[in-house]
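# Coordinate inspection notes
Residues per chain, in single letters:
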Amino acid sequence: MWEFCQTDGSLDLFGWLVTARISIFIEVIDMITPTTQFTSTSTMGVYEPIHQISMWDDTFGGTISPNTDVCIITQADAKLDDKCEYASDRSLEPAEDNQTAKSIRDKVQRRLAQNREAARKSRLRKKAYVQQLETSRLKLAQLELELERARHQGLLIGGATANMGLCGNVNSGIAAFEMEYGHWMEEQQRKNSDLRNVLQSPIADVELRLLVEDVLEHYCNLFRMKRDASRADAFYLVFGMWRTPVEQFFLWIGGFQPSELISVVMPQLENLTDQQLAEVRNLQHSCQQAEDALSQGMEKLRQTLAQSITTLAAGAGSYSSQVVSTMEKLESLESFVQQADHLREQTLRRMSCILTMRQAAKGLLAFGEYFQRLRALGSLWAASPRKFT
Amino acid sequence: MHYQTESWNSDHKPTKSSSSSVITDPLAHIERLASDNAVVIFSMSTCCMCHAIKRLFCGMGVNPTVYELDEDPISGKEIEKALILLMGVSSVPVVFIGGKLVGAMDRVLASHINGTLVPLLKQAGALWL
């Protein structure tokens, strides 16, 4: 109804005239019904010209030559005469016009009120988010301070107190990761919805590509976060400590197993050419070989560590060369986590190269949904009571 | 997989002072070693990532030539330093195929996933069919 408003809220001549006509009706109603609502025009920019409209009769009545621009004036003029007649005859109420004008007024009022409410809610949401960020920042600073203190007091190295340090989650790098992961998951859900919506409508490949690239980039963000966190605590990453136990059951070196990803996604894809099928098979084979190699490297790490532990002299000091060399071996776990994530990233990119844009989008959606369901199952399991028989 | 131990010192002149560096140009030495065989891996016996990369090539049916730098008392350290200069970060594992540098584990994995590793190996004569 209000489409004749120009984008900057101003009215062109036609708009002005139509508005004027409506304003006249309303002014007439105001004369009949003793309401003063309409006189305050400040909240409704649309009705600014009303001051001029009351002069209409005097200005335009009968002196304008009929042409396309002003034909409406004469029409409205005629109508105005009719209405004025009605107005003077107080026994008759132009019921239809009364209701139309009133409903228009109500609709406009309602919409403006909704806008105000939405804006208010948005401001409150923003305020709450900023406050949450502030408190998180403070908490992070606090944790870092505690970590420094603990380090100085030598609480984190050696002896029984090492466990206390770990359980207390004094590691600020990990605390930061957990918070970021929460945000990452929320963003991931949003992107899954976007993929779902986009796949239901016919969309150009160019736009699909943008979305696919965006989703891939989001996974790369996760791998970057994990790389930073693995410097803080590689074991936390390897065991997926931020995940539910059901998810941990499927973990391979801190994340999904690329060859398994391919098995999950393939049944969801349609219309693959023979060449595509062959390339996917090759990819899966290469993934398996790479996974085997990294797994064997991890096994070798366990063996050398076991050997190292048996040769540790009882009561060796924290800084003895044996302990130091063993600790260095433990550090190499970090590089395994990084290579595993690197393999995941390469596999995702290669899949999106082999597949068409639409297939890739479908594949990414299937992948995203799989993990959403897995996480949901994990949460359900964690929350449900155990049966003891 | 075959390990080179003594033969790679055969082109060095024997010197009386064992503490002085035997290799005048470590990078050229590395290049020479790399071009001697189809697949050359510079490794360390204690490094688990090196173990992983060896298993990867063996799993593909390749027979790489491995130089364990920690088992070479003479030039091991020199080569290790040169590799750090070459690679920027860690020294091992480093892979050469057909005399050309491929890189560390991440480059090898990336090239395997995008399908360029197998053709490279075939070209160097390390893989048949």
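Described in the following lines is the structure provided in the data block. Everything numeric here is computed off the predicted structure, so don't read it as measured data. (Residues numbered from 1 in each chain as written. Chains lettered and ligands numbered in written order. Predicted model: local features only at pLDDT ≥ 70, side-chain atom pairs only at ≥ 80, totals over all residues. Heavy atoms only, no water.)

## Quick word on the layout of surface pockets
Counted only if it meets this: The distinction between a cavity and a pocket rests on a 1 Å grid over the protein atoms alone: a 1.4 Å probe fits inside a cavity but cannot get out, while a pocket stays open yet meets protein on both sides within 12 Å along at least five of seven lines, and a residue with an atom within 4 Å of a point counts as lining. Grid points are joined across faces, edges and corners, and a volume is the space filled by probe spheres set on the points. Gly is placed with the polar residues, together with every amino acid not listed as nonpolar (Ala, Val, Leu, Ile, Met, Phe, Trp, Tyr, Cys and Pro) or charged (Asp, Glu, Lys and Arg).
Size it by volume and the second largest pocket reaches roughly 1,100 Å³. Every residue lining the second largest pocket is counted, 29 residues in all, and those nearest its centre are Ser332(A), Ser335(A), Met49(B), Ser90(B) and Val92(B). In terms of residue class, the lining of the second largest pocket is built from twelve nonpolar, nine polar and eight charged.

## A short note on the environment of Ser91(B)
Residue and element names in this part refer to chain B. For clarity, the threshold we go by: Strands are runs of DSSP state E lasting at least 2 residues, helices are runs of H or I lasting at least 4, and numbering of each runs from the N terminus. Each residue is assigned to one of three classes by its accessible area relative to the maximum for its type, calculated with a 1.4 Å probe on protein chains only: buried under 20%, partly exposed between the two thresholds, exposed over 50%. Between two residues, a contact is recorded if the distance between any of their heavy atoms is within 4.5 Å.
Considering the arrangement of structural elements, one finds Ser 91 in the loop between helix H3 (76-87) and strand E4 (94-97). Of the residues examined, Ser 91 reaches a relative accessible area of 8% and is grouped as buried. In this structure the C-alpha to C-alpha distance between Ser 91 and Ala 104, which are 13 residues apart in sequence, comes to 8.7 Å. The contacts of Ser 91, once residues within four sequence positions are left out, are Met 44, Glu 80, Leu 83 and Ile 84.

## Description of the interface of chain A and chain B
You'll often see interface size given as the accessible area lost when the parts meet. Note the cut-off: Put simply, buried area is how much 1.4 Å-probe accessible surface two parts lose in total, over both of them, once they are put together. By definition, a salt bridge exists where a carboxyl oxygen of Asp or Glu is found within 4 Å of a side-chain nitrogen of Lys or Arg. Counted as a polar contact is a pair of N or O atoms within 3.5 Å, where, for protein atoms, one must be capable of donating a hydrogen and the other of accepting one, and residues adjacent in sequence contribute only when both atoms are in side chains.
Facing the 20 residues of chain A at the interface are 16 residues of chain B. Roughly 1,600 Å² is buried in total at the junction of chain A and chain B, and carbon and sulfur atoms are behind 72% of that figure. Looking only at chain A, the three residues that lose the most surface to chain B are Gln289(A), Lys300(A) and Gln339(A), adding up to 28% of its buried area. Here chain A is connected to chain B by zero salt bridges. Inspection of the region where chain A meets chain B yields four residue pairs in polar contact (both at pLDDT 80 or more). Broken down by secondary-structure element, the contributors of at least two residues to the side of chain A that touches chain B are helix H12 (274-311) and helix H13 (321-354) of chain A. No other element matches H12(A), which puts twelve residues into the side of chain A that touches chain B. Among the residues forming the side of chain A that touches chain B, the class breakdown is eight nonpolar, ten polar and two charged.

This is a description of form; function is not addressed.
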